[in-house]
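Listed below, chain by chain, are the residues.
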Amino acid sequence: MPKQVIRVGHSPDSDDAFMFYALAKEKIDTGNYEFIHELVDIETLNRRAFHGELELTAVSVHAYAYLNDVYALCNCGASMGDKYGPILIENGNWDKINCNNTKGGETVSVAVPGTLTTAYLALKLYLAKEGITNVEFVPVPFDKVFEAVKEKKHDAGLVIHEGQLTYQREGFNLIADLGTWFYQETGLPLPLGANAIRKDLPWQVQSDVVRLLKQSIQYALDNRDSALDYALQFGRGLQRNDADKFVGMYVNDWTLDFGDTGREAVRTLLKMAYDNKVAPKLVVPEFI
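Because the structure is predicted, anything quoted here is derived from the model rather than measured. Think of each chain on its own: its residues are numbered from 1, step by step along the sequence as written. Where totals are concerned, whole chains, interfaces and linings use all residues; where local detail is concerned, this predicted model gives features only for residues with pLDDT of at least 70, and gives and counts side-chain atom pairs only at 80 or more. Working from all heavy atoms in the structure, the side-chain values ignore hydrogens and water.

Visitor: How should the packing of aromatic side chains be read in this particular structure?
Guide: Two numbers describe a pair of aromatic rings. These are the distance of the centres and the angle of the planes. Geometry of aromatic contacts follows a simple scheme: Phe, Tyr and Trp rings, the Trp one being its six-membered ring, pair when their centres are within 6.5 Å, and the pair is stacked under 30 degrees between planes, edge-to-face over 60, tilted otherwise. The tally for this structure, following the rule as stated, stands at nine aromatic pairs. Arranged with centres 5.4 Å apart and planes meeting at 40°, the rings of Tyr21 and Tyr230 form a pair that is tilted. Of this pair, Tyr21 sits in helix α1 (residues 14–24) while Tyr230 sits in helix α9 (residues 224–232), and the two are 209 residues apart along the sequence. Per-residue accessibility, obtained with a 1.4 Å probe over protein chains only, is compared with the maximum for each type, and a residue is labelled buried under 20%, exposed over 50%, and partly exposed between these values. The exposure class assigned to Tyr21 is buried, which follows from its relative accessible area of 6%. Note on Phe50 and Tyr66: the rings are 6.2 Å apart at their centroids and 50° apart in plane angle, and the pair reads as tilted. Of the two residues, Phe50 is situated in the loop between α2 (42–49) and β3 (56–60) and Tyr66 in helix α3 (residues 61–67); the sequence distance between them amounts to 16 residues. Classification of Phe50 as partly exposed rests on a relative accessible area of 35%. Whether a charge sits over a ring comes down to the Lys NZ or Arg CZ being within 6 Å of the ring centre and within 35 degrees of the ring normal. Between the NZ or CZ atom of Lys83 and the centre of the ring of Tyr183, over which it lies, the distance is 4.5 Å. We count a stretch as a helix when DSSP gives it H or I for four or more residues in a row; a strand needs E for two or more, and each element gets its number in order from the N terminus.

Spelled out as structure tokens, the structure:
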């Protein structure tokens, strides 16, 4: 009997690679399922999810606000920023306190890694709270944000992935850590990414796939050294200790299970998105 193919999409970064190590390297028994992995940046995955191309895919929690008719959130596989998260960095042209007067009142340009990312949503919420309005958002591939800001093509950049650890070495200044800001506002961790499963799959398939995803995460946590060896190839030059730190930030107990706090964080963020007119509808998340 042929195996059922489950196409999986996730980002080519160290934390996602760590999470999917056991499935990618066939370290666990997947039974009647064959997992085929596609490594694509998160903004591309968000946009592909509108068409339901993949049975299981990483998505931004922000993007889920547009996708809840196609996908449900897996209760495992989350990336949560527990008092940390995406960062807004600058190259010397940005004055956070007097942003509305920066450059004589001209618009300031911010490179962002996609307008469906949760980082972008958090940035919009942060700027609204700060009363900063004269900002132009320019989508840039996530791994080109540093370069774009360093070359002064943009006044600031929104950084996701490993750059959260290395921005100071690259000579940038921190404007805000959006995970810290979200915690100060809500008392909750910032739910950045999740894995989502297509709702048109039979219930048993959904249940089996989520169970196998959780097994993969647990295997990586239980076999950290070998999983980290695999993940390092996706770390874009990170030293092992930095990669280990980054993985620990985003693959942990939250990843095994959103938990009550994590689920409340998702509900809170989606409501904030709707209340601030960043998302088109109020979404009550569905977890599998």
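The structure having been displayed, the exposition proceeds.
Visitor: How should I be thinking about the side chain of Glu55 in this particular structure?
Guide: Mapping Glu55 onto the fold places it in the loop between α2 and β3. For Glu55, a relative accessible area of 8% translates into the label buried. Note on definitions: a residue-residue contact is assigned when non-hydrogen atoms from the two residues lie within 4.5 Å. Apart from the residues lying within four places of it in its own chain, the contact partners of Glu55 are Val5, Ile6, Arg7, Tyr71, Ala196, Ile197, Arg198 and Leu201.

Visitor: Sorry, what's going on with the nonpolar core here?
Guide: Side chains that are nonpolar tend, in soluble globular proteins, to be buried together. Nonpolar cores are built from buried Ala, Val, Leu, Ile, Met, Phe, Trp, Tyr and Cys residues. Side-chain atoms within 4.5 Å join them into one set. Leu73, Leu123 and Tyr126 are the most contacted members of the largest nonpolar core, which has 60 residues in total. Per-element accounting of this core gives the leading share, eight residues, to helix α4 (residues 118–130). Other than its neighbours up to four places away in sequence, Leu73 contacts Val59, Tyr64, Ala194, Asn195, Ala196, Val266, Pro285, Glu286, Phe287 and Ile288. In terms of nonpolar packing, the next biggest core, distinct from the first, is built from 35 residues, Tyr33, Ala72, Ile217 and Ala243 among them.

Visitor: Explain the sheet that holds strand β10 (residues 173–177) here, please?
Guide: Paired through backbone hydrogen bonds, the strands of a sheet run either parallel or antiparallel to each other. Reading across from one edge, β8-β7-β9-β6-β10 is the order of the five strands in this open sheet, with mixed pairing throughout. For this open sheet the edge positions go to β8 (135–139) and β10, each flanked by a neighbour on one side alone. Looking at each pair of strands side by side, their axes are set apart by 25° on average, direction ignored. By the bridge criterion, five bridges tie strand β7 (residues 108–112) to β8 in an arrangement that is parallel. Within the sheet, the bridge partner assigned to Val110 lies in β8 and is Phe137. In this analysis an axis means a line fitted to C-alpha atoms, helices contributing only their contacting stretch, and an angle means the value between N-to-C directions, from 0 to 180 degrees. The sheet contacts of α4 involve β6 (87–90), β7, β8, β9 (156–159) and β10, and relative to β8 the element is tilted by about 175°. Running at roughly 35° to β10, helix α7 (residues 178–186) makes contact with β9 and β10 of the sheet. Note on pairing: DSSP must find at least two bridges between two strands before they are called paired.

Visitor: Honestly, the packing of α9 against helix α10 (residues 240–250) in this entry has me stumped. Any pointers?
Guide: Angle between the axes and distance between the axes: these two values describe a pair of packed helices. Packing of α9 against α10 leaves a shortest axis separation of 10 Å and a crossing angle of 105°. The angle between the axes of α9 and α10 places the two elements in the roughly perpendicular class. Two secondary-structure elements touch here, α9 through Arg224, Asp225, Leu228, Asp229 and Leu232 and α10 through Arg240, Ala243, Asp244, Val247 and Gly248. Relative orientations are named as follows: roughly parallel for angles under 35 degrees, roughly antiparallel for angles over 145 degrees, roughly perpendicular for angles from 65 to 115 degrees, and oblique for any other angle.

Visitor: How should the confidence of the model for the protein be read in this particular structure?
Guide: Any residue range with low pLDDT should be treated as having predicted coordinates unsuitable for detailed reading. A score between 0 and 100, pLDDT records how confident the predictor is in each residue. Confidence in the prediction of the protein, expressed as mean pLDDT, is 91, and 94% of residues score 70 or more. Here helix α6 (residues 163–166) stands out as the least confident element of the protein, with mean pLDDT 78; strand β4 (residues 71–73) is the most confident, with 98.

Visitor: It is not clear to me how the pattern of salt bridges should be interpreted in this structure. Could you clarify?
Guide: Any two side chains of opposite charge can pair, given that their charged atoms come close. The term salt bridge refers to a side-chain nitrogen of Lys or Arg lying within 4 Å of a carboxyl oxygen of Asp or Glu. Taken as a whole and judged by the stated rule, the model has 20 salt bridges. Note that Lys129 and Glu185 form a salt bridge whose closest N and O atoms lie 3.6 Å from each other. Separated by 56 residues along the polypeptide, Lys129 in helix α4 and Glu185 in helix α7 bring together distant segments of the chain. Given a relative accessible area of 55%, Lys129 falls into the exposed group.

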